[in-house]
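Structural description and commentary
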Amino acid sequence: MKSFRKRAGAALAALPLLVPLALAAGGAAALTAATATPAAALDNGLARTPQMGFNNWNSTHCRAEFNESMVKGIADTFVAQGLKDAGYTYVNIDDCWALPDRNASGDLVPDPARFPHGIKAVADYVHSKGLKFGLYSSAGTKTCDVQGFPGGLGHERQDAELWASWGVDYLKYDNCNNTGADAKQRYKAMGDALAAATRATGRPILYSICEWGSNQPWTWAQGVGNSWRTTGDISDNWSSMISIAHQNQSLAPYAGPGAWNDPDMLEVGNGGMTDTEYRTHFSLWSQMAAPLLIGSDLRTASPATLAILKNTEVIAVDQDPLGRQGTVVSDSGGLVVMSKPLADGGRSVTLTNETSSTRTVSTTVKDIGIGGASSYALKDLWSKATSTTTGAIGAPVPAHGTVMFRVTPGSPVPPPTGVNQLSDLPWTSAVGGWGPVERDRSNGEQAAGDGRPLTIGGVRYAKGLGTHAPSDIAYYLGGGCSALRVDVGVDDEAPNTGSVRFQIWRDGTLAADSGVRTAADPPVRLNADLKGAAKLRLVVTDGGDGITYDHADWADARLACGSGPSAGTHELSDLAWESATNGWGPVEKDLSNAEQAAGDGTPLTINGTVYAKGLGTHAPSSVAYYLGGTCTSLTTRVGVDDEVTTKGSVDFQIWRDGTLAAESGTLTSADAAKALTADLTGALEVRLVVTDAGDGIDYDHADWAGPRLVCG
């Protein structure tokens, strides 16, 4: 067995979590419903999309130019330069705003040299511009600057109440001088204090946890704060920026509305990188659904800097209401492709060239997780050029550059009539928790194709979808499908720690729910009524204990589409079959099988009785008909055709949706016709199978004589 990385975490908050429904079930086990739900994002109504704004630290640090005049000037620039209209909301100040000591009452005191009118006056000014105001503290005895300003440790309630009284809307809470105290407790204490201050004053305060990723805050901070730093501090150079991007890219499953991975503030415009590198910086932060906090002095920003920061189409990717962080879909030789699902069903794609010379970076619509359309619109979000593609996506990309496309599918194509394996159909969208969604393989967490055969509770499946919680796979049905039948469970490749929940959604309504399934459970069958549905979604959420080893299989997923036969009694040979395979020559309608060309047989005859209607086959054979759940029974007589005199021995079988419904046992050329009847009530598909009876396939001419199908 392959070795897996150990992880812990909470499921993506954007996925729906509902009480399980009672379901019709088949297969190896009965359903056992459970109501455990994954950890949810902080419910303070804030940061439903990543926060946008400004922070002074990257441009001023603790120098004298950080003062009241600067902060007000930034607020003015937000309005004058259209940054407010572009979505930037928060004007935040960082360390060094307070005096080194608290007053006699234990309150923080603004530095009168920097802020002669106090913090409340600055906040009021920012608010007067239709913006919001934020400040800084640390979950320690002192803040991070060497001058040692007072931290919030042990003063959480007092500080939160003071900030609320000043009109503070945002807190960045750092990690310096923390005395070694437990990080979760320190940050929760301030979170609780902010919540209490909000309840008392009605002023919600966005909580930005700046713990540097030291204690894996992505695994616990969702219910504590609105964002959490995943890395150390960024510096204004290519090496620092791209290294931080790499660290943050793998954490996509932990982000969602109200709870964001934060790879630190923007350096765009500070002069340490080229404009090409800054465009990559801004593209990747937007693709990762990161907070966009400007770190340069906007009062002196160049037109090129403002053009980057005000690219509303790139910002729209960051602010997309679906709230998904983009993931890496390929990374080879410094050429990196990321894909981000968007609320309109499209994708944002970044093609990044981390090498030192121009290279072509390529991918496909399939690899970025969409499909099901005949063509796709591409828009380059930097050049604004538009084009179309049937599948290929690529561009020459300069050194350290990024080309960013918005990919929008054209009209989707519905599935063909019949029983379709979902893994054979193009999905319109597929998002996996770790690694890509796999077709006919389990999820191996990393690159496409690295999984194993789908296996649940020792049962191996040839067809299906391998995922990892949290995942979401969508298909376009167009109203033409009737039902889905699928076996679900945790794949056997996972240790006995995985627990997940499978849900089938039709047009936004829950159609089937497995309850919580663990690695110890056998497969369970879900059935979903899809009559008239335009869209199908297969959703896997964490079972409530974190997303470690949550390898989830949708096995033998059969989708029934199109109308079945009309009401009444049908001669089967008058209907079009879905598929037909035969041992020698084609399957014949109303004639025996003569092994060669179509139509070369004779009237169907078994033991002297001639039948006008039926199917002539030769073992081994299989003929499938789509029923669509509208038929009730099949009756037929079966036997070896009289054109065989001394050889021939076969076994006739009728299968309904993969289950044996009737069987003849061994019949030879000396036997009379045998009657078979199969109950097909509700069946999606019927298959007529003939196998050799064990003595070879010589002259195994097998007749389905007078088969009649009753429907309606």
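The structure under discussion appears in the preceding block.
Only a predicted model underlies this, so the values are computations on that prediction, with no experimental measurement involved.

1. A few points about the overall build of the protein chain
A count of helical and extended segments in the protein chain gives 10 helices and 42 strands. A principal-axis box enclosing the C-alpha atoms of the protein chain has dimensions of 115 × 50 × 45 Å. By the burial criterion, 57% of the 712 residues in the protein chain qualify as buried. Considering only contacts within the protein chain whose residues lie at least 6 apart along the sequence, 75% involve residues at least 24 apart.

2. Some words on the pattern of salt bridges
A complete count under the given rule lists 31 salt bridges for this structure. We note a salt bridge from arginine 102 to aspartate 159, for which the minimum N-O separation is 2.9 Å. Taken together, the residues span a long stretch of sequence, with arginine 102 in the loop between strand S2 (90-92) and helix H4 (118-128) and aspartate 159 in helix H5 (residues 156-166) at a distance of 57 residues. As far as the burial class goes, arginine 102 and aspartate 159 line up, both buried. The shortest N-O distance in the salt bridge between glutamate 493 and arginine 452 comes to 3.9 Å. Of this pair, glutamate 493 sits in the loop between strand S24 (481-490) and strand S25 (499-506) while arginine 452 sits in the loop between strand S19 (438-439) and strand S20 (454-456), and the two are 41 residues apart along the sequence. A relative accessible area of 1% places glutamate 493 in the buried class. Three or more residues are tied together by salt bridges with common partners; here these are Arg485, Asp556, Arg558 and Glu685.

3. Side note on the state of the cysteines
Under the criterion given, the structure shown has four disulfides. Between cysteine 144 and cysteine 176 runs a disulfide, and the two sulfur atoms are separated by 1.9 Å. Negative torsions about the S-S bond denote left-handed disulfides, and the value of about 100 degrees found for cysteine 144 with cysteine 176 makes this one right-handed. In this pair, cysteine 144 is assigned in the loop between strand S3 (132-138) and H5 and cysteine 176 in the loop between strand S4 (170-174) and helix H6 (183-201), connecting sequence segments 32 residues apart. Classification of cysteine 144 by relative accessible area gives partly exposed; the value is 29%. Sequence-ordered numbering of the bonded cysteines in the protein chain gives a disulfide pattern of 1-2, 3-4, 5-6, 7-8.

4. Comments concerning the sheet that holds strand S26 (residues 509-518)
Judged by pairing direction, the sheet is antiparallel, and its five strands sit side by side in the order S18-S23-S28-S25-S26 without closing on themselves. Two strands in the sheet have a free side with no partner beyond their single neighbour: strand S18 (429-431) and S26. For this sheet the average axis-to-axis angle between neighbouring strands, irrespective of direction, equals 10 degrees. The pairing of S25 with S26 spans seven bridges and is antiparallel. If you follow glutamine 503 over to S26, its bridge partner there is aspartate 513.

5. Considerations on the side chain of aspartate 553
You can see aspartate 553 is positioned in strand S29 (residues 551-561). Look at aspartate 553: it is buried, it has no salt bridge, and the nearest opposite charge is arginine 452 at 9.0 Å. Once residues within four sequence positions are removed from consideration, aspartate 553 is found in contact with Ser442, Leu454, Thr455, Ile456, Leu465, Gly466, Asp487, Val488, Gly489, Asp491 and Phe502.

6. A word on the packing of H5 against H6
At their nearest, the axes of H5 and H6 sit 8 Å apart, and the two run at 40 degrees to each other. Considering the angle they form, H5 stands oblique to H6. As H5 packs across H6, the resulting crossing turns out to be right-handed. Contacts from Glu156, Arg157, Ala160, Glu161, Trp163 and Ala164 of H5 reach H6 at Ala189, Met190, Ala193, Leu194, Ala196, Ala197 and Thr201.

7. Thoughts on the pairing of S24
Counting buried positions along S24 yields 10 of 10 residues, so the element is predominantly enclosed. Examined bridge by bridge, S24 and S29 share eight bridges and lie antiparallel to one another. Among the inter-strand pairings, alanine 483 is bridged to a residue of S29, identified as alanine 560. As paired elements, S24 and strand S27 (residues 524-529) share six bridges and run antiparallel to each other. Note on S27: the bridge partner recorded for leucine 484 is alanine 528.

8. Comments concerning the packing of helix H2 (residues 68-80) against H4
It is the contact of H2 with H4, at a shortest axis distance of 10 Å, that shows an interaxial angle of 15 degrees. As the angle between them shows, H2 and H4 are arranged roughly parallel. When the axes of H2 and H4 are compared, the crossing they make is right-handed. Here H2 contributes Glu68, Val71, Lys72, Ala75 and Asp76 to the contact with H4, which in turn contributes Gly118, Val122, Tyr125 and Val126.

9. Comments concerning H6
The α-helix advances 3.6 residues per turn, and as a result positions three or four apart in sequence lie on the same side. Its 19 residues give H6 an end-to-end C-alpha distance of 27 Å, which sits within 8% of 27 Å, the value for a rise of 1.5 Å per residue. Of the surrounding secondary structure, the elements contacted by the buried residues of H6 are H5, S4 and strand S5 (206-209). Following H6 by one or two positions, glycine 202 has its phi on the positive side, about 80 degrees.

10. Focus on the environment of glycine 345
You can see glycine 345 is positioned in the loop between strand S10 (335-341) and strand S11 (347-353). Using a relative accessible area of 28% as the deciding quantity, one classes glycine 345 as partly exposed. Through-space distance from the C-alpha of glycine 345 to that of alanine 693 is 52 Å; in sequence the pair is 348 residues apart.

11. Quick notes on the nonpolar core
By size, the foremost hydrophobic cluster in this structure holds 97 residues, and its most contacted members are Tyr88, Trp97, Phe133, Leu135, Trp163, Phe282 and Trp285. Those residues within four positions of tryptophan 97 in sequence are excluded, and the remaining contacts are Phe66, Leu108, Pro110, Asp111, Phe115, Ile119, Leu135, Tyr136, Trp163 and Trp166.

12. As for the side chain of lysine 172
Along the chain, lysine 172 turns up in strand S4. A distance of 2.8 Å separates polar atoms of two side chains, one belonging to lysine 172 and the other to aspartate 94. In contact with lysine 172, not counting residues within four places along its chain, are Asn55, Asp94, Leu135, Tyr136, Ser137, Ser208, Cys210 and Met265.

13. What about unusual backbone geometry?
Here the bond from alanine 469 into proline 470 is cis, since omega is -10 degrees, no more than 30 degrees from zero. Cis rather than trans, the peptide bond between alanine 619 and proline 620 has omega equal to -10 degrees. For proline 620, the location among the structural elements is in the loop between strand S35 (614-618) and strand S36 (621-626). Its identity is not glycine, yet cysteine 96 carries a phi of approximately 85 degrees, on the positive side. Classification of cysteine 96 by relative accessible area gives buried; the value is 0%. Residue aspartate 440 is not a glycine yet carries a positive backbone phi of 60 degrees.

14. Observations regarding the sheet that holds S36
If you trace the five strands from one edge of the open sheet to the other, you get S31-S36-S41-S38-S39, paired in antiparallel fashion. Strands with a single pairing partner mark the edges of an open sheet, and in this sheet they are strand S31 (579-581) and strand S39 (659-668). Strand-to-strand, the axes of this sheet are offset by a mean angle of 10 degrees, without reference to chain direction. Pairing of S31 with S36, which is carried by three bridges, proceeds in the antiparallel orientation. Among the inter-strand pairings, threonine 581 is bridged to a residue of S36, identified as serine 622.

Cut-off values and rules
- Along each chain, the written sequence defines residue order, and numbers are assigned to residues from 1.
- Selection of residues for local features in this predicted model requires a pLDDT of at least 70, selection of side-chain atom pairs for listing and counting requires 80 or more, and totals for whole chains, interfaces and linings are taken over all residues.
- Just so you know, side-chain values use all the structure's heavy atoms and leave hydrogens and water out.
- Under the scheme used here, helices are H or I runs from DSSP no shorter than 4 residues and strands are E runs no shorter than 2 residues, and both carry numbers assigned from the N terminus.
- Buried, partly exposed and exposed residues are distinguished by accessible area as a fraction of the type maximum, computed with a 1.4 Å probe on protein chains only: under 20%, between the cut-offs, and over 50%, respectively.
- By definition in these notes, contact holds between two residues if any of their heavy atoms fall within 4.5 Å.
- In the sections that follow, a salt bridge refers to a side-chain nitrogen of Lys or Arg positioned within 4 Å of a carboxyl oxygen of Asp or Glu.
- Two cysteine sulfur atoms make up a disulfide if the distance between them is within 2.5 Å.
- Here the rule is simple: two strands pair whenever DSSP picks up at least two bridges between them.
- Axes here mean lines fitted to C-alpha atoms, for a helix over just the part in contact, with angles spanning 0 to 180 degrees between N-to-C directions.
- Working convention for charge: Lys and Arg count positive, Asp and Glu count negative, and His plus the chain ends are omitted.
- Here is the rule for angles: anything less than 35 degrees is roughly parallel, anything more than 145 is roughly antiparallel, 65 through 115 is roughly perpendicular, and the remaining ranges are oblique.
- Working rule for handedness: look at the near helix, and if it is turned counterclockwise from the far one by less than a right angle, call the crossing left-handed; if clockwise, right-handed.
- Each helix should span, by expectation, one fewer than its residue count multiplied by 1.5 Å.
- Nonpolar cores are built from buried Ala, Val, Leu, Ile, Met, Phe, Trp, Tyr and Cys residues. Side-chain atoms within 4.5 Å join them into one set.
- What qualifies as a polar contact is a pair of N or O atoms within 3.5 Å, subject to a donor-acceptor requirement within protein and to the restriction that residues adjacent in sequence count only when both atoms come from side chains.

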